[in-house]
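# Overview (structure and organization)
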Amino acid sequence: MLAKRIIPCLDIKDGMTVKGINFVNLREAGDPVELGAMYSQKGADELVYLDITASHEGRKTFTELVKKVAANINIPFTVGGGINELADVERLLNAGADKISINSAALRRPELIDEISRNFGSQVCVVAIDANEEGNEWMCYLNGGRIATDKNLFDWASEAENRGAGEILFTSMSHDGVKTGYPNEALAKLADRLHIPIIASGGAGTTSHFYDAFTIGKADAALAASVFHFGEIDIHDLKVELSQKGVNVRI
């Protein structure tokens, strides 16, 4: 059985790591290169860097930051934000990123998933989905949760897989930053429907939330931000506890 992965997420705005609640009320959390190096040393399996305002403001992800991160860490990392075409992907991979994450651009033009997987391999293509539970449905959103779409989470995730996505990064907007646990029912439904890895995002507050995401939610990886950035949970201690509870993790 593949080891479950722990992935710190660094949301980048104006060159700094920030963290909010429900996608708003951002506060600074530190230098993204220094934080990445620290997480690499503490045993994180991967990192995700998201330029959270790139799509909204029509900017490109900072290539220079990616180069600095690549020079300072020795674990795989994913970069997302403002990626709209193959040239963006090539630029970021050449700068040192291992994978790229697409969200809004994929919803607007799903063929981008096919193009990336065909040109660079499906392992490079992470499709991030920001979704909100509305009634009995999970609906997808564009531009960092700002614009609603008519796409259903499960249908869109299936389409992304069929087009060549290598992983799905699912963030629950209503769980984001509130630290009450991951959306485990939705995660389990995704896991039952898809054949590619699912990264849980949004809701981590305690070590038991990670355990639940892996066991109840059947997630392949769990991503978190503020609990790591602000020292509430130590990655090594988290992995030891998960291992003691029978979860296969790399320590």
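Below you will find a few notes about this structure. (Residues numbered from 1 in each chain as written. Predicted model: local features only at pLDDT ≥ 70, side-chain atom pairs only at ≥ 80, totals over all residues. Heavy atoms only, no water.)

### Re the side chain of R5
Along the chain, the position of R5 falls in strand β1 (residues 5-13). Judged by relative accessible area, R5 falls into the buried class, the value being 11%. Apart from the residues within four sequence positions on either side, R5 is in contact with D45, E46, K99, E167, P197, F214, D220, A221, A222 and R250. (Helix = DSSP H or I, 4+ residues; strand = E, 2+ residues; numbered from the N terminus. Buried < 20%, exposed > 50% of the residue type's maximum accessible area, 1.4 Å probe, protein only. Contact = heavy atoms within 4.5 Å.)

### Concerning the pattern of salt bridges
Counting across every chain of the model gives 17 salt bridges. With a closest N to O distance of 3.5 Å, E64 and K67 form a salt bridge. In this pair, E64 and K67 both sit in helix α3 (residues 63-72), 3 residues apart, roughly one turn of the helix. Classification of K67 as partly exposed rests on a relative accessible area of 42%. Here D192 and K218 are joined by a salt bridge, their closest N and O atoms 2.7 Å apart. Linking D192 in helix α8 (residues 184-193) with K218 in the loop between α9 (207-215) and β12 (221-224), this pair joins segments that are 26 residues apart in sequence. (Salt bridge = Lys/Arg side-chain N within 4 Å of Asp/Glu carboxyl O.)

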